[in-house]
Amino acid sequence: MSLLRQAARIAWKDLRIELRSREIVYTMAFFGALLVVVYSFVFPSNPELVRLAVPGMLWVALAFAGTIGLGRAFDRERENDTMRALLLAPVPRLAVFLGKASAIAVLVLAVAVVVTPMLALLLGADLFDNPGPLALALVLGALGFSVVGSVFSAALIKVRSRDVLLPVILYPLLIPLFVAGTSVTAALLADPVNLDKAWYWMGFLGIYDAAFLVVSVWIFESMVIE
Amino acid sequence: MSSERALPVRDRHPAHDQAGLDHVQITKVAKRYGNERALVGVSLALAGRSMCALLGHNGAGKTTLLGILSTLVRPTAGQVAYHANGKQVTGEAVRREIGLLAHSSLCYGELTARENLVLFAGLYSVDGSAAAVEAVLDRVGLEPRARDRASRTYSRGMLQRLSLARALLTRPSLLLLDEPFTGLDRGGAIALGAELGALRDSGAIVVVVTHDLEAIADRTDHVAILRRGQLVFEDRGAYDYERLKDLYHRHAN
C-alpha cells in the first residue's frame, strides 16, 4: 500500500509540474497532430489504403510523440539532479519507477486523445466504430511504452547522447508492442470487424506489458545506481 | 540562517520508529570509472556527534566518497557499513537517515520551496505540515516572500538554503554536505557553520566537503584528506583555521 501511495505521490508530482508548465504535453500533442496532418497530405485519399495504413499511422505517431515526452520527462529529473533525490528517499525504488512510468503513460494517452480523432477526421478512418476495444488497446500500449521507456530513459539520464541512443535502444524492444497495437487496430477497422483477432492481439499486449513490467522492475535499480 | 538550536536527531517522528545512525565504517572502498581510479582502498570510521571535514583538491575523490556514503554510487570494491544502536542497518533504513546537500539543489525548479518540502516530507514520511515546513524554512533563513515562488527563479544562495532545508527537514543522523557554503554570503556561511555544529552536538554524523576552511574551523573535530583517490591523512581533535590550512597544504598537495 505504501508502495502504491509513494508511486502515486511521484506520479502526481510529475503531472502537477506538467499541469503547471504544459510544456511536454503541448509539444507531444502538437508533434502528434503535425504527423497526422502530414499523413493526410502524403497518402492518397483511397478508403481501402487508409483502412490498411491508419493503424500504423496511429501507433507510429504515438511512438514518436511518446519518445519526445520520455526524453523531456527525464531531462527534468536531470536538471537539478532530482533523480538522485528520488533514489535517496526511503521508498522502494520500485515506487520511483512506477511513479515515473505512470505519469508518462498518462501523457501518452493524452496524445492519443488528440491524434485518434484527428486521424478519423482527416483520413476518414472509422476508428470510433469500436471505441471500447480501441481505448483498451491504447491504454495497454501506453503502459507498455512507458514501462520500457522509463527504464532506459532513467538509465541514460547521464549519457550525453541520450536523445539519439534512446530510440535506438527503445524501438527494437517496442516492435512486438507496435505489431500487437497495429494488429488490434487493423482488426477493429477490418470489414467486417474481426473481434477474435483483436482480442487475441489484446491478450498479447497484456502479456507484453506484464513481462516487461517484471523485467523492468528487476533491472531498474541496477541501471540507475552508478 | 537562524541561530536557533538544531532539532535533536534522536527525537524521531513516530512514522519511523528507528534510532539514528551512530557509526559508519568505510572499509577499503575503491571506485573506478572505466580506466579512471576515483578512489583507492579508502578506510574511514565516522562516529556520531562528530563533524568530519573531508578535504582535498578537485578530483581527489571527495564527491565520489560522498556519493558512496549516500548509497547512490556503488563502490567497485570494499564496503560501507551503517550502524544504529550497535546493529547494522541497510537499504531504506539507511536512506531514511541520510541528508544530502550536493552541488545541485535536488529540488524541482517548477515547484515552490513549500511544495518541494511537502513532497520530500511525504516521501520520507515525516511531518510535512505547514508549520513544520515554515519552521525549517525559517531555520535556513529563506525569505518568506520567496517561499511561494518557483524555485527555478531563486538565486544560487537561495537555492542553497532551500537545499539545506530539504536535507534538514527529515532530521538526518548522517548529514553529507558537498561545498555547502557555495553561494552563501559571509553571514550565511557563518550561520550555516553554527547550524552544522549544533547538528553535530545533537548526535548527528556530519561530513563536510569544502574548500572554505574558515567556515568549518573550530567546529570540525575530524579531518580526512584525500589525494588522487587515496586517504593520505586522518586525525581527530580540535582544529582552528591556521591548523586546518597547514594540514591542507601539507597533505593535499
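For clarity, every value in this text was computed on a predicted model and none was experimentally measured.

Within chain B one finds eight helices and ten strands. The C-alpha radius of gyration of chain B comes to 17 Å, within 12% of the 18 Å expected for a compact globule of 253 residues. Each of the three principal axes of chain B carries a C-alpha extent, and together these read 45 × 40 × 35 Å. When burial is assessed residue by residue, chain B has 47% of its 253 residues classed as buried. When contacts within chain B are restricted to residue pairs at least 6 apart in sequence, long-range pairs at least 24 apart make up 73% of them.

Right, let's get into unusual backbone geometry. The step from Asp191 of chain A to Pro192 of chain A runs through a cis peptide bond, and the omega angle for that step is 5°. Phi angles above zero are rare outside glycine, and Thr71 of chain B is one such case at about 75°. Looking at where Thr71 of chain B falls in the secondary structure, it is placed in the loop between helix H1 (62-69) and strand S4 (77-84). Looking at Thr71 of chain B, the number of C-beta atoms within 10 Å reads 19, which means it is partly exposed. Positive phi, close to 50°, is recorded for Glu179 of chain B, a residue that is not glycine. Judged by the 17 C-beta atoms lying within 10 Å of it, Glu179 of chain B falls in the partly exposed class.

This part takes up the packing of helix H1 (residues 2-21) of chain A against helix H5 (residues 93-123) of chain A. Residues and elements named next belong to chain A. Where H1 meets H5, the closest approach of the two axes is 7 Å, and the angle between their N-to-C directions is 45°. One element, H1, and the other, H5, form an angle in the oblique class. With respect to the hand of their crossing, H1 and H5 are arranged in right-handed fashion. Counting all contacts with H1, which are made through Leu3, Gln6, Ala7, Arg9, Ile10, Ala11, Asp14 and Leu15, the residues of H5 involved are Leu94, Ala95, Val96, Leu98, Gly99, Lys100, Ser102, Ala103 and Val106. Looking at the contact of H1 with H5 residue by residue, the class counts come to eleven nonpolar, three polar and three charged.

Facing 19 residues of chain A, the contacting portion of chain B comprises 23 residues. Elements with a contribution of two residues or more to the side of chain A that touches chain B: H1 and helix H4 (82-88) of chain A. Tallying contributions element by element places H1 of chain A first for the side of chain A that touches chain B, with six residues. Looking at side-chain class alone, the side of chain A that touches chain B contains eight nonpolar, four polar and seven charged residues.

Turning our eyes to something else, we now look at helix H4 (residues 130-140) of chain B. Along an α-helix, residues three or four positions apart point the same way, because every turn accommodates 3.6 residues. All names here are of chain B. For H4, every residue scored as buried is listed here: Val133, Val136, Leu137, Arg139 and Val140. Buried residues in H4, looked at end-on, bunch into an arc of 155°, giving them a common side. Turned more than 90 degrees off the buried face of H4, the exposed positions are Ala130 and Ala131. In the segment just after H4, Gly141 is the residue with positive phi, at about 75°.

What follows is about the nonpolar core. Formed by 156 residues in total, the largest nonpolar core has its most connected members in Leu62, Val111 and Leu119 of chain A together with Leu54, Ala165, Val207 and Val208 of chain B. When residues in this core are grouped by element, the largest group, 17 residues, is from H5 of chain A. Not counting residues within four places of it along the chain, the set of residues in contact with Ala165 of chain B comprises Leu117, Val136, Leu137, Val140 and Leu142 of chain B.

Moving on, we get to the sheet that holds strand S3 (residues 50-55) of chain B. Adjacent strands of a sheet form backbone hydrogen bonds with each other and so pair up, either parallel or antiparallel. Residue and element names in this part refer to chain B. What the six strands build is an open sheet, ordered S6-S7-S8-S3-S9-S10; its pairing is mixed. Each edge of the sheet is formed by a strand with only one pairing partner; in this case those strands are strand S6 (98-101) and strand S10 (230-236). Across the sheet, the axes of successive neighbouring strands diverge by a mean angle of 15°, strand direction being ignored. Sheet topology note: the strand S9 (residues 222-227)/S10 ladder contains six bridges and is antiparallel.

All names here are of chain A. Running from N to C, H5 and helix H6 (residues 131-155) cross one another at 135°; their axes reach a closest spacing of 8 Å. Relative to H6, H5 is oriented oblique. Of the two possible hands of crossing, H5 and H6 adopt the one that is right-handed. Contacts between H5 and H6 involve Phe97, Lys100, Ala101, Ile104, Ala105, Val108, Leu109 and Ala112 on the former and, on the latter, Leu138, Val139, Ala142, Leu143, Phe145, Ser146, Val147, Gly149 and Ser150.

Attention now goes to the sheet that holds strand S2 (residues 36-47) of chain B. Residues and elements named next belong to chain B. A sheet is described by the order of its strands in space; here four strands give the open sequence S2-S1-S4-S5, paired in antiparallel fashion. Unpaired on one side and paired on the other, S2 and strand S5 (87-89) mark the two borders of the sheet. The mean angle between the axes of side-by-side strands here comes to 30°, regardless of whether they run parallel or antiparallel. Bridge count for strand S1 (residues 23-33) against S4 is six bridges, and the pairing is antiparallel. Note on S4: the bridge partner recorded for Gln25 is Ala81.

Attention now moves to the confidence of the model for chain B. All names here are of chain B. Residues with a pLDDT of 70 or more make up 93% of chain B, whose mean pLDDT is 86. Summarising per-element confidence for chain B, the mean pLDDT is lowest in helix H6 (residues 186-201) (82) and highest in H1 (94). Across residues 2-16, where pLDDT falls below 50, the model places 30 contacts with residues more than four positions away in sequence or in other chains.

Basis of the calculations
Residues numbered from 1 in each chain as written. Chains lettered and ligands numbered in written order. Predicted model: local features only at pLDDT ≥ 70, side-chain atom pairs only at ≥ 80, totals over all residues. Helix = DSSP H or I, 4+ residues; strand = E, 2+ residues; numbered from the N terminus. Rg over C-alpha atoms; globule rule 2.2 N^0.38 Å. Buried ≥ 20, exposed ≤ 12 C-beta atoms within 10 Å, placed from the backbone. Contact = placed C-beta atoms within 7 Å. Axes fitted to C-alpha atoms, helices over the stretch in contact; angles between N-to-C directions. Parallel < 35°, antiparallel > 145°, perpendicular 65-115°, else oblique. Left-handed = near helix turned anticlockwise from the far one by under 90°. Nonpolar A, V, L, I, M, F, W, Y, C, P; charged D, E, K, R; others polar. Arc of directions from axis to C-beta. Core = buried A, V, L, I, M, F, W, Y, C linked by C-beta atoms within 7 Å. Pairing = 2+ DSSP bridges. pLDDT = per-residue confidence, 0-100.

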